[in-house]
Amino acid sequence: MNDHPMIARIRLNPYSREVQRDLRDATQMHKTVMRMVPDGLGDSPRHQAGLLYRVDESDTASTLLVQAADLDPARLPAGYGHADVKNLSPMFTALRKGLGVRYRIVLNPAKRTRLPLDAKGKRGSIVPLSGPDADQWWLRKATDAGLQLHVLTPTNLAPVRPRKQEERGIRHSLVRYEGTATVTDPDALREAVLAGIGRGKPYGAGLLSLAPATAA
């Protein structure tokens, strides 16, 4: 994986049928963003490409952020949106201990249930977390990722459910967190940005965005 990936910020065209489809269907959105990375990446192409993505919604626009080692927005469907692409090297270079940052991330907070001792060899089910439990989960993940959180503002998002699994009721609960933090471990933070955080990465979770904190 490229140590300094690219990030594309795509202002989505609300009149595009492909955009409308992808915003309704997480599986289709994943297929569309995977079109931007090179072919021939083996059995785990998303992981090999280091691909992470997130949809940021506002009252006036939807913006798709896609991060990977190599990106070609020209491979998106015609009329999908306007893309600005930049290299993340300057951001990684600027990271230092004590730096104040603003952050944004969409997460799928979850934990695996513990099974009784007689269930040795088996794994418990994945249980989504919400409210204070989800907040504490993100606080622990952020600390491990080299961030000391100061402001933690959660927003519950509509859960995503892959269309092909709708009948089984499988869905991924998503929470957007944003706020301010201080960098405590630049190396750990760099790895967290590269690898993403938590589960649900094929469904728009895990991409951590950072920007310098504005002075008061």
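Please refer to the structure placed before this passage.
To start, this report covers the structure provided alongside it. Remember, it's a predicted structure, so these values are computed and weren't measured experimentally. (Residues numbered from 1 in each chain as written. Predicted model: local features only at pLDDT ≥ 70, side-chain atom pairs only at ≥ 80, totals over all residues. Heavy atoms only, no water.)

## Quick look at the packing of aromatic side chains
Thought 1: Applying the stated criterion across every chain, the model contains 2 aromatic pairs.
Thought 2: Measuring from ring centre to ring centre gives 5.7 Å for Tyr 103 and Trp 138, while their planes differ by 55°; the resulting arrangement is tilted. Remark: Trp 138 occurs in helix H5 (residues 131-144) and Tyr 103 occurs in strand S5 (residues 100-107); sequence separation between them is 35 residues. For the pair Tyr 103 and Trp 138, one class covers both residues: buried.
Thought 3: Members of the aromatic cluster, each reached through a chain of ring pairs, are Tyr 103, Trp 138 and Tyr 177. (Phe/Tyr/Trp six-rings, centres within 6.5 Å; stacked < 30°, edge-to-face > 60°. Helix = DSSP H or I, 4+ residues; strand = E, 2+ residues; numbered from the N terminus. Buried < 20%, exposed > 50% of the residue type's maximum accessible area, 1.4 Å probe, protein only.)

## Focus on the pairing of strand S10 (residues 172-183)
Thought 1: Buried residues dominate S10, accounting for 10 of its 12 residues.
Thought 2: Pairing of S5 with S10, which is carried by 8 bridges, proceeds in the antiparallel orientation. Residue pairing across strands places Ile 105 opposite Tyr 177, the latter belonging to S10.
Thought 3: Bridging between strand S8 (residues 147-149) and S10 involves 3 bridges; their strand directions are antiparallel. Bridge assignment links Leu 149 to a residue of S10, and that residue is Ala 181.
Thought 4: Bridge count between strand S9 (residues 153-160) and S10: 6 bridges; the pairing is antiparallel. (Pairing = 2+ DSSP bridges.)

## Section: the sheet that holds strand S2 (residues 52-57)
Thought 1: Sheet architecture is open: 4 strands sit in the order S2-S3-S1-S4, paired in antiparallel fashion. Every other strand in the sheet has two partners, leaving S2 and strand S4 (81-87) as the edge strands with one partner each. Going across the sheet, the axis of each strand differs from the next one's by a mean of 15°, ignoring polarity.
Thought 2: Across the sheet, helix H2 (residues 26-34) lies against S2 and strand S3 (62-68), angled at about 120° from S2, the strand it touches most. (Axes fitted to C-alpha atoms, helices over the stretch in contact; angles between N-to-C directions. Contact = heavy atoms within 4.5 Å.)

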